[in-house]
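A structural walkthrough
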Protein chains: 2
Amino acid sequence: MQFNIPQDHPRAESLRVREMLVEGLRGGLVVEEGLIAHGRGETFDYLLGEKTTLSAIMAIKATAAMLLTSSHPIISVNGNFAALCGKEIIELSRACGALIEVNLFYHSVNRERAIKCYLERLGATDVLGTGKDRTATIPYLNGERKHVDPRGIAIADTVFVPLEDGDRTEALKKMGKKVIAVDLNPLSRTSVHATICIVDNVVRVIPILIQMLLELKSENRESLMNMIGKFDNIMNLNESARLIRRGGSEISATI
Amino acid sequence: MQFNIPQDHPRAESLRVREMLVEGLRGGLVVEEGLIAHGRGETFDYLLGEKTTLSAIMAIKATAAMLLTSSHPIISVNGNFAALCGKEIIELSRACGALIEVNLFYHSVNRERAIKCYLERLGATDVLGTGKDRTATIPYLNGERKHVDPRGIAIADTVFVPLEDGDRTEALKKMGKKVIAVDLNPLSRTSVHATICIVDNVVRVIPILIQMLLELKSENRESLMNMIGKFDNIMNLNESARLIRRGGSEISATI
């Protein structure tokens with residue numbers, strides 16, 4: 001089924017971005033509820049002006065420093081993240097030496113496999129957290145979400161989890177891990193509980209993060225630790241919330 | 001594929017509502033992009049406190065009066081509206097004597113048919129705007145959206161169009177029609193260009209509107225026209241926008 005988005009529709013660009021997720025759904029990567037969650041983020045993005053703010057840049061910089069100083073960083077991938085940033089996930093993994101683990105809120109073996117295959121086709125060599133590899137457990141969680149890979153999230157010191165849900169963020173924090181989230185709602189439980197939350201659209205974040213990792217790679221550990229120390233997640237979130245409120249008052253009639 | 005939403009998840013209720021649309025997608029009523037659009041509305045609803053505001057009540061009252069004083073009102077139904085309010089659409093149609101017409105942004109013959117059959121199974125007797133019935137045209141529009149039923153939207157004086165897009169709202173207005181929209185974004189093009197926009201979740205709106213129609217049915221025309229005259233759409237939208245900004249500052253960490 002192919003739809004034609006009218007060229008003169010004022011939100012044609014946003015409608016085209018949606019198609020990436022619709023493709024992901026048809027390819028078995030994305031679950032229907034993931035489309036709704038994406039829409040939810042779209043509104044916050046719209047209120048933020050659909051651009052990467054200075055606050056987001058600061059959070060991305062702290063993220064790069066944290067990934068480079070971690071001994072066992074992991075990139076946790078769900079269906080939406082895979083559909084939106086497939087190739088970039090591999091590049092990110094290479095740029096910071098993090099392993100990739102599939103972890104789904106709405107779990108199914110088929111979807112897990114579809115995401116793994118998709119990432120492998122794009123060049124990933126070792127995708128954790130699928131099939132019989134989910135033998136470790138995150139305490140404090142119910143349901144399928146608690147099963148993780150003993151080589152991955154279970155032993156990671158830092159988990160990069162774009163588009164995460166609040167429960168899991170809290171559970172990972174309780175395990176003593178550093179959690180880096182990407183979430184367009186600056187006051188979601190995920191954002192508030194994360195060690196670093198980047199309030200921005202993940203599609204814009206990852207290329208900037210990769211660039212930042214390459215730039216900071218030559219910095220010494222002390223300098224990187226200083227960058228992390230300077231970052232205050234709650235202050236940063238409050239600044240994003242302020243921008244969203246301002247967006248709400250300057251809202252243009254184009255949604 | 002059946003997912004279990006953890007009972008203790010703080011947004012379990014919202015997640016369950018999403019399932020109605022997911023069911024609609026599986027039943028061929030809803031299109032994938034409709035799920036994303038729903039998510040977009042979810043954020044505005046969340047900022048509004050997920051309840052019907054006094055402003056919305058005033059807009060619903062004016063809507064009831066407008067429907068009761070129209071000579072040829074039409075209810076324009078898309079996939080999301082059908083999936084969320086199937087039974088209520090029939091009741092609404094009976095309560096105000098409006099015909100029902102299917103009209104889709106992402107058009108397909110199969111979906112049109114699925115929605116018609118679904119509404120007929122729920123008791124609708126005459127669903128317009130499908131198959132060979134779409135021989136009239138809305139000027140000022142491109143693509144499939146311009147085709148309408150000559151017995152319905154084409155000759156209607158009032159079009160009730162929940163979840164409409166901005167282009168079509170403007171085009172219908174240019175044709176001299178009164179347009180009543182339901183839109184959670186108070187400053188979307190749809191909201192601003194509508195004759196009346198109800199800023200609220202359509203799931204909550206329709207039962208209240210039906211109740212209001214029954215209550216106002218015995219009022220005389222002059223009194224109903226007075227109610228419409230007192231309603232100022234732009235002032236009403238500004239009040240909703242103010243509530244959303246306040247919601248943004250009182251945002252609770254539970255999304």
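Residues numbered from 1 in each chain as written. Chains lettered and ligands numbered in written order. Predicted model: local features only at pLDDT ≥ 70, side-chain atom pairs only at ≥ 80, totals over all residues. Heavy atoms only, no water.

Its identity as a non-glycine residue notwithstanding, A:Y140 has a phi of 70°, on the positive side. Note on placement: A:Y140 falls in the loop between β4 (136–137) and β5 (147–148). One non-glycine residue, B:E50, adopts positive backbone phi at about 50°. (Helix = DSSP H or I, 4+ residues; strand = E, 2+ residues; numbered from the N terminus.)

Overall, the coordinates contain zero disulfides over all chains when judged by the stated rule. Cysteine A:C197 remains unbridged, with the sulfur of A:C85 as its closest cysteine sulfur at 15 Å. By relative accessible area, A:C197 is classed as buried at 0%. No disulfide involves B:C117; its sulfur sits 19 Å from the nearest other cysteine sulfur, which is in B:C85. For B:C117, a relative accessible area of 35% gives the class partly exposed. (Disulfide = S-S within 2.5 Å. Buried < 20%, exposed > 50% of the residue type's maximum accessible area, 1.4 Å probe, protein only.)

Here the focus is the nonpolar core. Among the nonpolar cores identified, the biggest contains 103 residues, and A:F160 and B:F160 are the most heavily contacted of them. Leaving out residues up to four positions away in the same chain, A:F160 has contacts with A:T63, A:L67, A:I74, A:I75, A:S76, A:F81, A:L92, A:I180, A:V182, A:I198, A:I206 and A:L209. Judged by nonpolar contacts, the second largest core, of 24 residues, contains A:A194, A:V199, B:L48 and B:L237. (Core = buried A, V, L, I, M, F, W, Y, C linked by side-chain atoms within 4.5 Å. Contact = heavy atoms within 4.5 Å.)

A few words now on the sheet that holds strand β6 (residues 158–162) of chain B. The pairing of strands in a sheet happens through backbone hydrogen bonds and is either parallel or antiparallel. Residues and elements named next belong to chain B. Strand order in this open sheet of six strands is β3-β2-β1-β6-β7-β8, and the pairing throughout is parallel. This sheet does not close on itself; its edge strands, each paired only once, are β3 (127–128) and β8 (196–198). For strand β2 (residues 99–102) and β3, the ladder comprises two bridges, and the chain directions are parallel. What sits directly across from I100, in β3, is V127. Each of β1 (73–77), β6, β7 (178–182) and β8 is contacted by helix α3 (residues 54–69), which is oriented at about 135° to β8, the strand it contacts most. Across the face of the sheet, helix α4 (residues 79–96) comes into contact with β1, β2 and β6 while running at roughly 170° to β1. (Pairing = 2+ DSSP bridges. Axes fitted to C-alpha atoms, helices over the stretch in contact; angles between N-to-C directions.)

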